[in-house]
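Single-letter residue listing:
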Amino acid sequence: TRRKTRSDSRIRKQRSSLTLGLSKLNGLYREVILDHADHPHNKGELTTTTNAMTLHNPTCGDTINLQVEVEDNKIKNIAYTGDGCTISQASASMMTDAVKGKTTEEALAMAKTFSDMAIGKEHSEADLDQLGDARILTSIMEFPARIKCATLSWWALQRALLKDSEEEENNE
């Protein structure tokens, strides 16, 4: 009985340690999300824009106005304006950081990975690492009401980049 009590005590301590570790990890995620929302990267307007898209999430009231400058098939610059909840604004900041300097194909692949992740599809560690800080938004996916908030800027990116290629196809 004494052996079982020690064993139970050890298991409780391990669980407590694990819970504390997860709590700290979730706290770190929360800090990164709040930092991006409070001190957004790439928020503003570009002087030169080749691709643009505005999307609105009526559920939460989020609006993202995305502007992209593509040069030689690479995202030279990217910025956004708009208002919304902490998640949508942080996700937009994270997305702009992640895709700046990437080719349009790489950025579209990253947007697909993020969208897939939002609906629970599995991806390789390498694919997820490409997302940078946005990878931590996987924890948001536990809250279905927040999925649209997190994915809005990524959808705007897809539409902005694909709209340009669709227009080129229609003009040929």
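Conventions and cut-offs
Note that residues are indexed from 1 along each chain, following the sequence as it is written. Selection of residues for local features in this predicted model requires a pLDDT of at least 70, selection of side-chain atom pairs for listing and counting requires 80 or more, and totals for whole chains, interfaces and linings are taken over all residues. The basis for every side-chain value is the complete set of non-hydrogen atoms in the structure, without hydrogens or water. Secondary structure elements follow DSSP: runs of H or I of four or more residues count as helices, runs of E of two or more count as strands, with numbering from the N terminus. Pairs of N or O atoms are called polar contacts if they sit within 3.5 Å, as long as, within protein, a hydrogen donor faces a hydrogen acceptor (for residues adjacent in sequence, only side-chain-to-side-chain pairs). Contact criterion: two residues are considered in contact whenever any of their non-hydrogen atoms come within 4.5 Å of each other. Exposure above 30% relative accessible area and the absence of a salt bridge qualify a residue for a patch, where like charges join within 9 Å and nonpolar side chains (Val, Leu, Ile, Met, Phe, Trp, Tyr) within 5 Å. Areas reported as accessible are Shrake-Rupley estimates using a 1.4 Å probe. Residue values count occlusion only from the protein chains shown. What counts as a salt bridge is simple: a side-chain nitrogen of Lys or Arg found within 4 Å of a carboxyl oxygen of Asp or Glu. Neither His nor the chain termini are counted; the positive set is Lys and Arg, and the negative set is Asp and Glu. For the purpose of locating charges, the reference atoms are NZ of Lys, CZ of Arg, CG of Asp and CD of Glu. When DSSP finds two or more bridges between a pair of strands, those strands are recorded as paired. Classification of ring pairs rests on two measures: the distance between centres of Phe, Tyr or Trp rings, Trp counted by its six-membered ring, which must be within 6.5 Å, and the angle between planes, read as stacked under 30 degrees, edge-to-face over 60 and tilted in between. Here's how the labels work: a residue is buried when its accessible area is under 20% of the maximum for its type, exposed when over 50%, partly exposed in between, all with a 1.4 Å probe on protein chains only. Here the nonpolar core consists of buried residues drawn from Ala, Val, Leu, Ile, Met, Phe, Trp, Tyr and Cys, with membership extended through side-chain atoms lying within 4.5 Å. Axes here mean lines fitted to C-alpha atoms, for a helix over just the part in contact, with angles spanning 0 to 180 degrees between N-to-C directions.

Chemist: I would appreciate a short explanation of the side chain of Asn 42 in the present structure.
Modeler: By the secondary structure assignment, Asn 42 is in the loop between helix H1 (2-38) and strand S1 (51-57). One polar contact links Asn 42 to Lys 100, side chain to side chain, over a distance of 2.7 Å. Among all residues touching Asn 42, those that are not within four sequence positions of it are Ile 78, Ala 79, Tyr 80, Thr 96, Asp 97 and Lys 100.

Chemist: Sorry if this is basic, but what is going on with a negative patch on the surface here?
Modeler: Among the surface-exposed residues, Glu 31, Asp 35, Asp 38, Asp 97 and Asp 133 lie close enough to one another that they form a single negatively charged patch. Sort the elements by how many residues they give to the negative patch and H1 lands first, with three residues.

Chemist: I'm lost on the pairing of strand S3 (residues 74-81) in this one. Help?
Modeler: Along any regular strand, the residues point their side chains to alternate faces of the sheet. Summarising the sheet, strand S2 (residues 62-71) and S3 pair through seven bridges and their orientation is antiparallel. Bridge assignment links Glu 71 to a residue of S3, and that residue is Lys 74. What sits between the antiparallel neighbours S2 and S3 is a turn of two residues, in which Asp 72 has the positive phi angle 55°.

Chemist: What should I look at first to understand the packing of aromatic side chains in this one?
Modeler: Any aromatic ring pair is given by two values, namely how distant the centres are and how the planes are angled relative to each other. Tallied over the entire structure, the rule returns one aromatic pair. Pairing Phe 114 with Trp 154 gives two aromatic rings, centres 4.7 Å apart and planes at 10°, and the pair type is stacked. Placement of Phe 114 in helix H3 (residues 104-118) and of Trp 154 in helix H5 (residues 147-171) is noted, with a sequence separation of 40 residues between them. By the burial criterion, Phe 114 is buried, and Trp 154 matches it.

Chemist: Please explain the side chain of Ser 153 as it appears in this structure.
Modeler: With respect to the helices, strands and loops of the structure, Ser 153 is situated in helix H5. Residues in contact with Ser 153, not counting those within four places in the same chain, are Ile 64, Leu 66, Ser 91, Ala 92 and Met 95.

Chemist: Quick question: what am I supposed to make of the nonpolar core here?
Modeler: Soluble globular proteins: nonpolar side chains tend toward being buried together. Within the largest apolar cluster, 39 residues are counted, with the highest numbers of intra-cluster contacts made by Leu 66, Val 99, Phe 114, Trp 154 and Leu 157. Elements that contribute at least two residues to this core include exactly S1, S2, S3, helix H2 (86-99), H3 and H5. Here the element with the most residues in this core is H5; it accounts for nine residues. Among all residues touching Leu 66, those that are not within four sequence positions of it are Asn 51, Ala 52, Met 53, Ile 78, Ala 79, Tyr 80, Met 95, Thr 96, Ser 153, Ala 156 and Leu 157.

Chemist: Could you clarify how one ought to interpret the sheet that holds S1 in this entry?
Modeler: Strand pairing in a sheet takes place through backbone hydrogen bonds and is either antiparallel or parallel in direction. With antiparallel pairing, three strands are arranged side by side in an open sheet as S1-S2-S3. The open sheet terminates on both sides in strands that have one partner only, identified here as S1 and S3. The mean angle between the axes of side-by-side strands here comes to 20°, regardless of whether they run parallel or antiparallel. Where S1 meets S2, seven bridges bridge the pair, whose relative direction is antiparallel.

Chemist: How do you make sense of the environment of Ile 140 when you look at a structure like this?
Modeler: With respect to the secondary-structure elements, Ile 140 resides in the loop between helix H4 (125-129) and H5. Residues contacting Ile 140, with those up to four places away along its chain left out, are Ile 33, Ile 87, Arg 146 and Ala 150.

Chemist: Whenever I open this one, the pairing of S1 confuses me. Can you help?
Modeler: Alternating residues of S1 divide into Asn 51, Met 53, Leu 55 and Asn 57, all buried, and Ala 52, Thr 54 and His 56, none buried. Connecting the antiparallel pair S1 and S2 is a turn made up of four residues, with Gly 61 showing a positive phi of about 90°.

Chemist: What am I meant to see in unusual backbone geometry here?
Modeler: What is expected of a backbone is that most residues other than glycine have negative phi and most peptide bonds are trans. The phi angle at Asn 42 is positive, at roughly 65°, despite the residue not being glycine. Positioned with a positive phi, Asn 73 is a non-glycine residue whose angle comes to about 65°.

Any link to function would need more than the numbers given here.
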